Amino acid sequence: MSAAVTVIIPTYNRPLLVARAIRSVLAAIREGDEILVIDDGSTDNTEAVVRSFGEPVRYHRIANAGPGAARNTGMRLAQHDLVALLDSDDEYYPDRLLLERQVMEKYPNLVFSFGNLAFRGSNGVLISDLLSVYQTDANIGSPFPTKHAREIFGPAIAFSSVCELPDGSADFGIHIGNFGHEMMDVHYVLNDTVLIRRSKAGAACAYPEDARLMEDCEFMIGLAREGPVAFLDRELAIVNGHEGPRLASVDQMNQVNARLRVLERGWGALPRTSDCDWARYDALVRFYRLKRAKILLGTGRPKEARAEFDAVGAPLVYRIFTRLPGFFASTMYRTLVGLKYRM
């Protein structure tokens, strides 16, 4: 029998959504697999809902500490070397694990595999090829031209040429290679499609626990440095839109600060002599520091904005605004932005 998989689902106060997520995983696993639901200190009936599923679903509760701590707890409790992840508001396609499990077994040197996603809005409409959408997304995409995941690695290998394609499924490509500086720009690898070989990942198989936004991006950057990965050019999971709280639905300042944190800890901590596209790194840092300064200016914090503008060499017009009192600075800046938008 092929290698067993542990699926980790962190959750917090989402009983109905996590039930949907669990049902999707139950349709995707096989005998010997396990599902670990890590409850990050829920205050509702999440425990009762999860326990109602019985085996192979295991419930474990921790004090509220954020998604990184919840996933790390799952990593420690996991019984198998292959570990998959799923956010509690999303769901797997039924053949997600069947396809990736075969790829990981065919190529034992892989640290992890991942794939594409679809997005389902609250109206039920599916949007395909979410990775293309994410390339230019304001939060996890890039302000500069980037490549699709399929363009980063080696030439495509037909899945059916090396693995068994399920009946009725269309063939697709597998791309194998290494990530480089591309991960500075775009969050290519999302929790919902990754399948990790912990024995290859080693110490990198641990999420940062001091951040609750884009901690998964930081995790994937470290994981990708451990060796080759495979991209399955196929949608493996569905990201669901909903009206409840999402960690990604935070204000722009927190989003920008998270991007800078990931850049600085993922790349800026490396010596400048290392193999890295430092021009790209510097351009990205400048872009997000300028964006942070504009947010500060627009919210009436000109002194803080001035320090950012001075540090990155912003155009004179922005620095002039920072010499005004907070209310006038923010009002005039928003007026200028509005004029530019209308023009």
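This is a predicted model, so every value here is computed, not measured.

Chemist: So what's going on with unusual backbone geometry? Which residues, and what values?
Modeler: Cis geometry is adopted by the peptide bond preceding Pro56, which originates at Glu55 and carries an omega value of 5°. Structurally, the position occupied by Pro56 is in the loop between α2 (46-51) and β3 (57-61). One non-glycine residue with positive phi stands out, namely Met214, at about 60°. Looking at the secondary structure, you find Met214 in the loop between α9 (198-201) and α10 (215-224). The exposure class of Met214 is buried, given its relative accessible area of 6%.

Chemist: Provide a residue-level description of helix α12 (residues 278-298), including the pertinent values.
Modeler: Owing to its 3.6 residues per turn, the α-helix brings residues three or four apart onto one side. Across its 21 residues, α12 extends 30 Å between first and last C-alpha, which sits within 8% of the 30 Å expected from 1.5 Å per residue. The set of residues buried in α12 consists of Trp278, Tyr281, Leu284, Val285, Tyr288, Leu290, Arg292, Ala293, Leu296, Leu297 and Gly298. Directly after α12, the chain includes Gly300, whose backbone phi takes a positive value near 75°.

Chemist: Describe the pairing of strand β11 (residues 229-240), and please don't skip the residues or the numbers.
Modeler: For β11, the buried fraction is high: ten of the twelve residues fall into the buried class. Note: strand β5 (residues 91-92) against β11, two bridges, orientation antiparallel. Across the sheet, Tyr92 pairs through a bridge with Ala237, a residue of β11. In the sheet, strand β6 (residues 112-120) pairs with β11 via nine bridges, with the strands oriented parallel. Bridge pairing in β11 places Arg120 opposite Asn240. Of the strand pairs in this sheet, strand β9 (residues 173-177) and β11 are connected by four bridges, and their pairing is antiparallel. Across the sheet, Ile174 pairs through a bridge with Leu232, a residue of β11.

Chemist: Outline the pattern of salt bridges, supporting the account with residue identities and numerical values.
Modeler: One pass over the structure, following the stated rule, counts 20 salt bridges. The partner of Asp282 in a salt bridge is Arg272, and the shortest N-O contact between them spans 2.8 Å. One end of the pair, Asp282, is in helix α12; the other, Arg272, is in the loop between α11 (252-268) and α12, and ten residues separate them in sequence. Given the relative accessible area of 37%, Asp282 is considered partly exposed. In this structure, a network of salt bridges that share partners links the residues Asp210, Glu218, Arg261 and Arg265.

Chemist: How would you sum up the pairing of strand β4 (residues 82-85)? Please name residues and give values.
Modeler: Side-chain positions along a regular strand alternate between the two faces of the sheet. Residues Leu82 and Ala84 of β4 are buried on one face, and the alternating residues Val83 and Leu85, pointing to the opposite face, are buried as well. By the bridge criterion, three bridges tie β4 to strand β10 (residues 195-197) in an arrangement that is antiparallel. In the strand pairing of β10, Ala84 is matched with Leu195.

Chemist: An account of the packing of aromatic side chains is requested, with residue identities and associated values reported.
Modeler: Under the counting rule described, the total for this entry stands at eleven aromatic pairs. Ring centres 5.1 Å apart and planes at 45° place the aromatic pair Phe114 and Phe231 in the tilted group. You can see Phe114 sitting in strand β6 and its partner Phe231 sitting in strand β11, a full 117 residues away along the chain. Comparing Phe114 with Phe231 shows no difference in burial state: the two are buried. Linked through ring pairs, Phe112, Phe114, Phe153, Phe179, Tyr188 and Phe231 together constitute an aromatic cluster.

Chemist: Which residues make up α10, and what values do they have?
Modeler: With respect to burial, α10 is a largely interior element, nine of its ten residues being buried. Along α10, the residues that are buried comprise Glu215, Asp216, Cys217, Glu218, Phe219, Met220, Ile221, Leu223 and Ala224. Check the buried side of α10 and you find it contacts α3 (67-77), β6, α8 (182-185), β10, α9 and α11.

Chemist: Kindly report on the environment of Glu304, identifying the contributing residues and their values.
Modeler: With respect to the helices, strands and loops of the structure, Glu304 is situated in helix α13 (residues 302-312). Given a relative accessible area of 40%, Glu304 falls into the partly exposed group. Once the C-alpha coordinates of Glu304 and Ala293 are considered, the two residues, eleven residues apart in sequence, prove to be 7.4 Å apart. Looking at Glu304, its side chain comes within polar contact range of the side chain of Arg301, at 2.9 Å.

What counts and what doesn't
Residues numbered from 1 in each chain as written. Predicted model: local features only at pLDDT ≥ 70, side-chain atom pairs only at ≥ 80, totals over all residues. Heavy atoms only, no water. Helix = DSSP H or I, 4+ residues; strand = E, 2+ residues; numbered from the N terminus. Buried < 20%, exposed > 50% of the residue type's maximum accessible area, 1.4 Å probe, protein only. Expected span 1.5 Å × (residues − 1). Pairing = 2+ DSSP bridges. Salt bridge = Lys/Arg side-chain N within 4 Å of Asp/Glu carboxyl O. Phe/Tyr/Trp six-rings, centres within 6.5 Å; stacked < 30°, edge-to-face > 60°. Contact = heavy atoms within 4.5 Å. Polar contact = N/O pair within 3.5 Å; in protein donor to acceptor, adjacent residues only side chain to side chain.

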